[in-house]
Every structure is written in C-alpha cells, then in structure tokens.
Amino acid sequence: MPPSRGTCERVGMMSDFERAAQAVREDRLWQRHMDMAKLGGTPRGGVNRQALSAEDAAARNLLMSWAAARGFSVFTDVIGNLFVRREGSDAGAKPILSGSHMDSQPTGGRFDGMYGVLAAFEALEALEDAGVRTKRPVEAVAWTNEEGSRFQPGAMGSAVFAGHNALDAMLAVKDWKGVVLRDALAETLAAAPAPRRGDTPGFALDGYVEAHIEQGPRLEDARTTIGVVTGIQGSRRFMVEILGDEAHAGTTPRAARKDAFVAAVAIAGAMQDATRDADDTLRFTIGRVDVLPGSPNTVPGRVSFTIDMRHPSMEVLEAHETKLRAIVASKAAPCTATIERLTSVAPTVFDPGVIGLVRDAAQRQGFSNMDMPSGAGHDAMHIAALCPAGMVFVPCERGVSHNEIENATPSDLAAGTRVLVEALVRLANR
Ligand code: GLV
Ligand code: MN
Ligand code: MN
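Attention here is on the structure that accompanies the text. Treat the numbers as computed from the prediction; the structure is a model and nothing was measured.

**Some thoughts on the coordination of the manganese ion (ligand 3)**
Thinking step 1. The manganese ion (ligand 3) binds to the protein through Asp112 (OD), Glu147 (OE), Glu147 (OE) and His402 (NE2); the donor distances cover 2.1 to 2.4 Å.
Thinking step 2. Coordination of the manganese ion (ligand 3) draws on donor residues from a single chain, spaced D-x34-E-x254-H in sequence.
Thinking step 3. Here the manganese ion (ligand 3) and the manganese ion (ligand 2) are spaced 3.6 Å apart, linked through Asp112, which binds each one. Taken as a pair, Asp112 in the loop between strand S3 (96-101) and helix H5 (114-130) and Glu147 in the loop between strand S4 (138-143) and helix H6 (156-161) lie far apart in primary sequence, 35 residues in all.

See below:
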C-alpha cells in the first residue's frame, strides 16, 4: 500500500538524525549478536573469546565481511584496533568514532563489548539505509584487548591509541602462558588481515560515543531503558607476590614452614577487612590466585594474586593503596612479599555536550532515561582525553555481567542504538 500523503510529508520533514535513528533494525542487530556469539561460544550460552585468540580473529573476519558487503572501508592500527569507516561529505574532516571491544572474559557473556561494536556498525548501516550523508566520516571501532583477562592491562588498545600506554611496552607483555603480545597480534592480523593505517598510534578524532550494556542492576531496577553515562569511576590494579620455601608436606613441621599460601591468606584477609566502607562504594577484588608449584604434597613456595580496586575518588584510592602496602609489609612473615601497582586510571568525567546529546536523543525518542556513572571500566575512559566523549547504557538482565548467563533484550539493544545513531549524526554534522 502506498504511504499516505501525511506520512510522506512527515518523512520529508524529518531531520537526518531522525531518519537514521528510525532505520536501525532490531532484527538485524540481534542476529549479528547471535552470529558473533557462535565464535568462542560456550556450552553454558556465553563466550570465551579472549584477546588476540583464534576466536578474536574469527570475529574480526566476520565484522570485516559485513563491512565489505556494505562497501565500508576497514583498517587496523599498530596495536590491532580495527576500524570500519563510512565516508562523510568532507573527506578531510576528523571522524566521529563509536565502538567498544570484541574480546571477552574467559567465561564471558554475549553482549559485554560486542554490543558497542555492533551498535556502532548498525549505526553505519542505518545511515546507509536512510541515505543520510554526514559531513564528517563516521567510524566504528573494535578496540584490542579491553578485558585484560589474557594480557594485562585491559583497555589496552584504547590506552595505546590515546598515548596513555607505550606501544613497545604493551607489545612486550606476556600472557599467563608466556605468549608475547607482539606474536599473538601478528598471528591475529595474519589470520584477519586488514590494511594498516599509520605507523604510530592514534589519529585525530572529533567525537566519541560508546554503547554498552550497564553490567549492573540500576536501569532494570528503575525500569529505565537508557542510561546517560556521566563518567567512569577510577581504578587501580596490583600484583602481589609472596615468596616462601617449598618443602615436603608430610615431613615438615608447621612451625618450620615458610608457606606462601598461609601468608597469602593472611594478607588477603586483612585487605578484605581494610577495604570495607560504610556505604559499600569501594570495590575490591582478588580475581586470580596462582599457587606454585601447585602440587598437593609440596608446601607452596610462591603465590601471586591480582587486585582490582575501584572508587569514584582518586584520594580514596590513594589512601587505600597506602593501607594495602602496609598490610603486605606487616603480614608476610616468615615469608617475604611485594606489591606492584600495574595500572592507575583516574576517574573520567564525560563531556557535558555529549552527555546532553545522549540525554536529548533519549528524551526526543521517548525512551525513559536516567543519568548515571559507570562502575565498570570502558575504552571511553581513554578516548575521553582526546575529544568530546560519552556513553549510552542499556539494561542487562538482573545486572549480571562477566558471566556466561549475561543477557539483554533485542528491543533495549535497538533503543540504545537509536539513541547512539542520533548522537553520532548530530556530532558528525556539527
Ligand atoms: C571491564 O571489563 C572492567 O573490568 O571494568
Ligand atoms: Mn566491556
Ligand atoms: Mn568486561
């Protein structure tokens, strides 16, 4: 049936960002998530797609095949960040960038990171379908190694892009099995080749907006569709190493042992107590413990464990780092122990202009929305230092993330993408 005259007039009067937002296709976006979820899919319905693995390469190839089908160009940079570009009318203008990451936790979900990449790609497709020509180019990006579960630190690709981490130091990082990142990157790019743009990290940007699932329960609890993200809390990561003496488990009296695991338990317990705050704001996690030599009948001679600590205030993080250092010094005996700070990322405050664009887009499109800070870290925390930046959150089921059962609804994912598209078009046409 031909559209009524009234509809035609309304369509004719629609602005570019309205037409592009309406061109977002919920079914296509959902199907792309399901296709990506097969790459590294786990029996419990999640994904294990660790950075620079064969599964990561497969995801890169799939994204590049979709880009080729739409005539978008692709390229990588020196740390393997993967970009998909849709030209603007001013080819020399700095691009507007949107994206997130395709690597996952070892027992990760289908949406953490991947949503931001696919929402950005859907934005490019919606622009194409709506025939909207933006002034500036719009690019989708998949940042390398955001999770940091295989190679530390996380958010590595965006940190190198922003000049916050040195490229050479990151290329030399080893994973838990001793594989050097430089080699894993070369293997990944050989398996998923893309033209290289530039020999140094980073290029000029005019704006950045990242979509992500919330990874917490606030939106769902408030029955709200869109989180207008105002900033990201600060974080610090540490490695603690305890040295004792290996000894025979059957013959060595307890009093004569230097059991590194016993010292680790004392240190970890004291740290848990010292990092409890009245309003439950400080986040403290020991996420990985290695006990060596890892034999049931040898007293452990060496233990290492990671610490992830987060808070919106840098001063609070500083004060608690002092406490952690004092605990390591006082609780290790008769073993010896060290604590090394691996990363420190200051709290991020997003650009008021981008926050306003996201909020206006949600309101204009009739989506319930609320301002909120992010508890999780995101690549946007590095890119915010380069250009006006912001984020869009959508709810995830019961707030569960970093878990194979992580879930989100097709309509919420599409709603966040529609808000994203509007913000991107308005930035690209400024
Ligand atoms: C990202 O996964 C984070 O650790 O916040
Ligand atoms: Mn993520
Ligand atoms: Mn994550």
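**Quick notes on the pattern of salt bridges**
Two side chains with opposite charge may pair up if their charged atoms get near one another.
Thinking step 1. Evaluation of the coordinates by the stated rule reveals 32 salt bridges.
Thinking step 2. Linking Arg32 and Glu125 is a salt bridge whose minimum nitrogen-to-oxygen distance equals 3.0 Å. With Arg32 in helix H3 (residues 26-37) and Glu125 in helix H5, this pair connects stretches of sequence that are 93 residues apart.
Thinking step 3. Glu125 gets classed as buried once you look at its relative accessible area, which sits at 1%.
Thinking step 4. A salt bridge links Arg150 to Asp175; the nearest nitrogen and oxygen atoms lie 2.9 Å apart. Residue Arg150 is found in the loop between S4 and H6, and its partner Asp175 is found in the loop between helix H7 (167-171) and helix H8 (181-191); the two are separated by 25 residues along the sequence. In terms of burial, Arg150 and Asp175 fall into one category: buried.
Thinking step 5. Several salt bridges converge on common partners, so that one network encompasses Arg28, Arg32, Arg70, Glu122, Glu125 and Asp129.

**Notes on the coordination of the manganese ion (ligand 2)**
Thinking step 1. The coordination sphere of the manganese ion (ligand 2), as far as protein atoms go, consists of His101 (NE2), Asp112 (OD) and His212 (NE2), spread over 2.1 to 2.3 Å.
Thinking step 2. Read in sequence order, the donor residues coordinating the manganese ion (ligand 2) give the pattern H-x10-D-x99-H.

**Re unusual backbone geometry**
What you tend to see is this: most non-glycine residues have negative phi, and most peptide bonds are trans.
Thinking step 1. Pro293 follows Leu292 through a cis peptide bond whose omega is 10°.
Thinking step 2. With respect to the secondary-structure elements, Pro293 resides in the loop between strand S10 (289-292) and strand S11 (298-299).
Thinking step 3. Between Ala333 and the following residue, Pro334, the backbone shows a cis peptide bond with an omega angle of 5°.
Thinking step 4. By the secondary structure assignment, Pro334 is in the loop between helix H11 (314-331) and strand S13 (336-345).
Thinking step 5. Its identity as a non-glycine residue notwithstanding, Gln215 has a phi of 70°, on the positive side.
Thinking step 6. Relative to the elements of secondary structure, Gln215 occurs in the loop between strand S5 (207-213) and helix H9 (218-221).
Thinking step 7. Note on Gln215: relative accessible area 17%, which makes it buried.
Thinking step 8. Backbone geometry places Arg223, a non-glycine residue, at a positive phi of 50°.
Thinking step 9. Counting through the fold element by element, Arg223 comes out in the loop between H9 and strand S6 (226-232).
Thinking step 10. Classification of Arg223 as exposed rests on a relative accessible area of 76%.

Quick notes on the rules
Residues numbered from 1 in each chain as written. Chains lettered and ligands numbered in written order. Predicted model: local features only at pLDDT ≥ 70, side-chain atom pairs only at ≥ 80, totals over all residues. Heavy atoms only, no water. Donors = N, O, S within 2.8 Å, 3.2 Å for Na, K, Ca; no water. Helix = DSSP H or I, 4+ residues; strand = E, 2+ residues; numbered from the N terminus. Salt bridge = Lys/Arg side-chain N within 4 Å of Asp/Glu carboxyl O. Buried < 20%, exposed > 50% of the residue type's maximum accessible area, 1.4 Å probe, protein only.

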